[in-house]
Amino acid sequence: MTSYLLFVLKRFGQFLLVVFLGVTITFFVTHLTPIDPVEESIGAITQMGQSDPNAIELMRQSLRELYGMEGSIWQQYLHFWLRLATGDLGPSLSAFPTPVSTIILRSLPWTIGLMTVSTLITFVLGNAIGALAGYYRKNMVMKAVSLVFIALLPIPYYILAFVLLIVFGYLWPVLPINGGYEMNANLDLSVALVLDILKHSILPAFSLILVGTGSWLIGMRALVSNIITEDYVVFAELGGVPKRKILRSYISRNAMVPQFTGLAMSLGAIFNGTVITEIVFGYPGIGNLLIEAVHAGDYSLVLGLSALSIVGVAAAVFIIDILSPLIDPRIKVE
């Protein structure tokens, strides 16, 4: 037990280090870009007729103080960590004075819903087909289904998104192709609103599922192909154990251990969003929000989204590490 606690503490230290380095790199990359959001704001104000130099200078000082951009870049870096430690990401530079956290919380549920559902469907579908294709290697139906998903795998998901958009938006217009819900829809929670949101998520999710299933399928099929040659599987077949039971209890359970590791990492990465898919379908998630923040030079929003993504992925890896010895006794913690 002591060795496991030491193992957890070591992994937690690595988690903190990864978050610190990732956020630090993101901070300096965003602050070394040539875009100055304060000057952008000043320029927009002067175009509306404000030209008093003293008023503009006072405004510039106020904006730099408000945005945390006073002093050298190292002072800004320290100030940024002090605010981040209290959960204060500051105001958005492009949607002032709305806090960054408020803007992120508006978009985050859309991405979490889309990515979680599509990832889980892809995981279940890919592993089920992969297990069947690996065990029933001579079955023509399984070969054909596997070939279809493997053929779709190299296609960039945004290309498939455009194809789906053209087919179901123009050639056979049965599904909505833009937004997360109908324009001017009543946003009070109701069955009609839920159905509307689900309808708008079909095409973005379908594009991710079609492309992503192939990778799970290939991984599971390879694992099953290796496991079926193990002695305990051969003995079970010779002993007359039903093939369904062999596949379910002897093969799939052992093959799923590394697949669950990949699933945890995929779920951790949902905070990254799927940028191009969200742009293609105008989906109001954090991927779309990130592109808008970059175009607007919104340091605070970019940093907030990047920090969320880094923490999400690092936390997923940390959870995988500490649970792996409990799930698979072959993994040692020494």
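- Going by an unreviewed UniProt entry, the chain carries the name Peptide/nickel transport system permease protein and comes from Rhizobium esperanzae.
- What UniProt states about the chain under its Sequence similarities (unreviewed entry) heading is, verbatim, "Belongs to the binding-protein-dependent transport system permease family."
- The record in UniProt for the chain states the following under Subcellular location (unreviewed entry): "Cell membrane".

1. Comments concerning the overall build of the chain
Then, number 1: Scanning the chain for helices and strands turns up 13 helices and zero strands.
Then, number 2: Each helix and strand of the chain, ordered N terminal to C terminal, gives the series α-α-α-α-α-α-α-α-α-α-α-α-α.
Then, number 3: Counting every atom, the chain has about 18,600 Å² of accessible surface; 68% of that belongs to carbon and sulfur.

2. Remarks on the nonpolar core
Then, number 1: Judged by nonpolar contacts, the single largest core of 17 residues is most densely connected at Leu203 and Phe281.
Then, number 2: Among the elements of the structure, α5 (100–135), α6 (140–152), α7 (157–171) and α8 (191–227) are those that each provide at least two residues to this core.
Then, number 3: Element by element, the count of residues in this core is highest for α7, at five residues.
Then, number 4: Those residues in contact with Leu203 that sit more than four places away from it in its chain are Leu164, Phe168, Leu175, Pro176, Ile177 and Phe281.

3. Considering the side chain of Ser107
Then, number 1: Checked against the element boundaries, Ser107 lands in helix α5.
Then, number 2: Its relative accessible area of 11% is what places Ser107 among the buried residues.
Then, number 3: Leaving out residues up to four positions away in the same chain, Ser107 has contacts with Pro284, Gly285, Ile286 and Leu289.

4. Re a nonpolar patch on the surface
Then, number 1: Together, Ile155, Tyr158, Ile159, Phe162, Val163, Ile166, Val167, Tyr170, Leu171, Trp172, Val174 and Ile276 line one region of the surface with nonpolar side chains, adding up to about 1,100 Å² of accessible area.
Then, number 2: The leading source of residues in the nonpolar patch is α7, at eight residues.
Then, number 3: Relative to the helices and strands, Phe162 resides in helix α7.

5. Digging into the UniProt feature "transmembrane region" (unreviewed entry) in the chain
Then, number 1: The UniProt record annotates "transmembrane region" (unreviewed entry) at residues 12–32, 110–135, 147–172, 192–218, 260–281 and 301–323.
Then, number 2: Counted over residues 301–323, helix gives 100% and strand 0%. Its end C-alpha atoms are 33 Å apart.

6. Description of the packing of α5 against helix α12 (residues 286–296)
Then, number 1: Running from N to C, α5 and α12 cross one another at 140°; their axes reach a closest spacing of 8 Å. Our classification of the angle between α5 and α12 gives oblique. Contacts from Ile103, Ile104, Ser107, Leu108 and Thr111 of α5 reach α12 at Ile286, Gly287 and Leu289.

7. Some words on the layout of surface pockets
Then, number 1: As a volume, the largest pocket reaches approximately 270 Å³.
Then, number 2: Taken together, 14 residues line the largest pocket, and the ones lying closest to its centre are Met115, Thr119, Thr122, Leu208 and Gly212.
Then, number 3: Sorting the residues of the lining of the largest pocket by element identifies α5 and α8 as the ones contributing at least two each.
Then, number 4: Per element, the largest residue contribution to the lining of the largest pocket is six residues, and it comes from α8.

Calculation criteria
Residues numbered from 1 in each chain as written. Predicted model: local features only at pLDDT ≥ 70, side-chain atom pairs only at ≥ 80, totals over all residues. Heavy atoms only, no water. UniProt positions renumbered as here; feature names shortened; annotations may be inferred. Helix = DSSP H or I, 4+ residues; strand = E, 2+ residues; numbered from the N terminus. Areas by Shrake-Rupley, 256 points an atom, 1.4 Å probe, with all protein chains shown as cover. Core = buried A, V, L, I, M, F, W, Y, C linked by side-chain atoms within 4.5 Å. Buried < 20%, exposed > 50% of the residue type's maximum accessible area, 1.4 Å probe, protein only. Contact = heavy atoms within 4.5 Å. Patch = residues over 30% accessible without salt bridge, like charges linked within 9 Å, V, L, I, M, F, W, Y side chains within 5 Å. Salt bridge = Lys/Arg side-chain N within 4 Å of Asp/Glu carboxyl O. Axes fitted to C-alpha atoms, helices over the stretch in contact; angles between N-to-C directions. Parallel < 35°, antiparallel > 145°, perpendicular 65-115°, else oblique. 1 Å grid on protein atoms, 1.4 Å probe; cavity = no way out; pocket = protein on both sides within 12 Å on 5 of 7 lines; lining within 4 Å. Points joined across faces, edges and corners; volume = space filled by probe spheres on them.

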